[in-house]
Amino acid sequence: MKPFTLIAISIILAAFIYSCREKDTSKADMYSINLTEGYSDTTLHLEDFAEDVRLIRLETSKQCLISYLRGHIGEKHIIVMGRENMLHFSADDGSFIGTITQKGKGPYEFNYIEAWEVNENGQKLIYHDQRKSYINCYNLKDQKFEDPIKLAIDEGADHLGNIILAKDTLLAIKRGMFSGCKYLYFYQSTTGRFIEGRKKEPVPHPGAWAGIGATFKEAGNSIFYQPSESDTLFSIEGAKMKSVASFYLAQSRKDGEFTMKHHGSFLYKYKNRIFLRKINYKTRITKKSARIKSLDFEYFIFNTNNQQLYRIDSLYYDRLGLELRDHKLRFRHENLFAIHYQAMEFKDMIREQLKNGDIPVAKRERLKQLNGKISDNDNPIIITARCK
């Protein structure tokens, strides 16, 4: 998250009001997770808790240069949502398949893609272009666009937060925090028919907003929701919300003109494990501007059986003998997760560990060969695996 300046009006108040309004009173089977103390540091090896661990080097050419990896990383397809285009890569070998669309005003061209989803069998991509009253559909297998899906509720269509393919013909849709939609989230069919939704109180837009966004994702056939800036995680069933966990964090504190803050966010749930991320960041708010900057990330695993919390202190890729430093875990609904690095960043990590690390001879040679194949200007390097 890069620092930026915006005109802001009552940013903190708006976020606080929003998170409070969406809280349910149900506290049954709710976990209280303290992200400040009482946890143990743990060293994880990918092969111990994951299978099908693979390293993918995305093809690099003039037609598919990537400055930042944003989009979908799945079992079959990798879709990169760039500012100027949408690129399609194979998840098998990282080869470039083609450009799906580009920025523009023509048919199927986009202004800004803000939400997307790929179904579990990897056949169909759906995405929402900002300010459109429909969702585009693209057949990844046949590499062609299909008829778009009309949004069942047009009000507040200027911003759509998330899309989930709950079933083949059912979508779960969450609007943006400040959208004019009367529903916090709603369900509709792929034919555009409204099913049900959870209503919300309108939240006036503060003029500009800077903060940690909401989480709305599927994991283990359940949908989880964490409001923006909220310390409570909910599971969703229809229009009902049930409290699953609450996160305890250190209080905000002033540091000169900045306010130091902490946020615990849900990443994924698989079997008896809840993966979490703690974001440490700072804000500066004046009468005319607001500024936010992330400082660092910490990753945790909460075991629901014994209710123990573990901080991932180190993460190793044993096949390469490489410690994955400064990793950023990203999870998909297929129990698939990914870690990615810029090529130069990945090469620096290899070189440093070859120089200072205690790596067996066979793995050193493997790392040297890999390092020699990667150029500093290559597209990002991705490591994927599946929870087991």
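Nothing here was measured: the structure is a model prediction, and the numbers come from that model.

## Some details on the packing of aromatic side chains
The geometry of an aromatic ring pair is captured by two quantities: the separation of the ring centres and the angle between the planes. What the rule picks out here adds up to 20 aromatic pairs. On the numbers, 5.1 Å between centres and 80° between planes, the contact of Tyr39 with Phe300 is edge-to-face. Of this pair, Tyr39 sits in the loop between strand E2 (31-34) and strand E3 (40-45) while Phe300 sits in strand E24 (residues 290-303), and the two are 261 residues apart along the sequence. Their ring planes at 55° and their centres at 5.4 Å tell us that Phe89 and Phe96 sit as a pair that is tilted. Classification of Phe89 by relative accessible area gives buried; the value is 0%.

## What about the pattern of salt bridges?
Evaluated as defined, the whole model comprises 13 salt bridges. For Arg325, the salt bridge identified is with Glu323, shortest N-O distance 3.3 Å. With relative accessibility at 14%, the residue Glu323 sits in the buried group. A single salt-bridge network, built from bridges that share partners, covers Asp41, Lys278, Glu298, Arg311 and Asp313.

## Describing the sheet that holds strand E12 (residues 144-150)
Spatial strand order, E9-E10-E11-E12: four strands in an open sheet with antiparallel pairing. The sheet terminates laterally at strand E9 (113-118) and E12, the two strands that pair on one side only. Across the sheet, the mean angle separating the axes of adjacent strands is 25° when strand polarity is ignored. Sheet topology places E9 next to strand E10 (residues 124-129); five bridges connect them, and they run antiparallel. Paired with Trp116 across the bridge in E10 is Tyr127.

## Section: the nonpolar core
Leu46, Leu276, Leu315, Leu324, Phe337 and Phe346 are the most contacted members of the largest nonpolar core, which totals 50 residues. Sorting elements by how many residues they give to this core places helix H3 (residues 343-356) first, with five residues. Of all hydrophobic cores here, the second largest spans 15 residues; its members include Ile135, Ile149, Leu160 and Leu165.

## A closer look at the confidence of the model for the chain
Confidence in the prediction of the chain, expressed as mean pLDDT, is 86, and 89% of residues score 70 or more. Mean pLDDT in the chain bottoms out at strand E1 (residues 5-6), which sits at 34, and peaks at strand E8 (residues 96-102), which reaches 97. Scored below 50 in pLDDT, residues 1-27 makes 73 contacts in the model with residues more than four places away or belonging to other chains.

## Some remarks on the pairing of strand E23 (residues 273-285)
Burial analysis of E23 places ten of its 13 residues in the buried class, the great majority of the element. Here eleven bridges tie strand E22 (residues 258-270) to E23, and the two strands are oriented antiparallel to one another. By the bridge assignment, Phe266 is partnered in E23 with Leu276. For E23 and E24, the ladder comprises 13 bridges, and the chain directions are antiparallel.

## Quick word on helix H4 (residues 361-373)
Taking 1.5 Å of rise per residue, the 13 residues of H4 would be expected to cover 18 Å, and the 19 Å separating its terminal C-alpha atoms lies within 8% of that figure. Those residues of H4 lying buried are Leu367, Leu370 and Asn371. Projected down its long axis, H4 carries its buried residues within an arc of 100°, all on one side. Summarising the geometry of H4, the exposed residues directed more than 90 degrees from the buried face are Val361, Ala362, Gln369, Gly372 and Lys373. Looking at the buried positions of H4, the neighbouring elements they touch are strand E4 (50-57), strand E26 (322-323) and H3.

## Structural notes on the side chain of Glu298
In this fold, Glu298 is placed in strand E24. Under the relative-accessibility criterion, Glu298 is labelled buried at 18%. At 3.4 Å, the side chain of Glu298 and the side chain of Asn280 are in polar contact. Apart from residues lying up to four places away in sequence, Glu298 is in contact with Tyr39, Leu276, Arg277, Lys278, Asn280 and Arg311.

## Description of H3
Across its 14 residues, H3 extends 20 Å between first and last C-alpha, which sits within 8% of the 20 Å expected from 1.5 Å per residue. Those residues of H3 not exposed but buried are Ala343, Phe346, Lys347, Met349, Ile350, Gln353 and Leu354. Take H3 and look down its axis: the buried residues cluster within an arc of 155°, on one side only. Opposite the buried face of H3, at more than 90 degrees from it, the exposed residues are Lys355 and Asn356. Buried residues belonging to H3 abut E4, E26, strand E28 (336-341), H4 and strand E29 (381-387).

Analysis parameters
- Residues numbered from 1 in each chain as written.
- Predicted model: local features only at pLDDT ≥ 70, side-chain atom pairs only at ≥ 80, totals over all residues.
- Heavy atoms only, no water.
- Phe/Tyr/Trp six-rings, centres within 6.5 Å; stacked < 30°, edge-to-face > 60°.
- Helix = DSSP H or I, 4+ residues; strand = E, 2+ residues; numbered from the N terminus.
- Buried < 20%, exposed > 50% of the residue type's maximum accessible area, 1.4 Å probe, protein only.
- Salt bridge = Lys/Arg side-chain N within 4 Å of Asp/Glu carboxyl O.
- Pairing = 2+ DSSP bridges.
- Axes fitted to C-alpha atoms, helices over the stretch in contact; angles between N-to-C directions.
- Core = buried A, V, L, I, M, F, W, Y, C linked by side-chain atoms within 4.5 Å.
- pLDDT = per-residue confidence, 0-100.
- Contact = heavy atoms within 4.5 Å.
- Expected span 1.5 Å × (residues − 1).
- Arc of directions from axis to C-beta.
- Polar contact = N/O pair within 3.5 Å; in protein donor to acceptor, adjacent residues only side chain to side chain.

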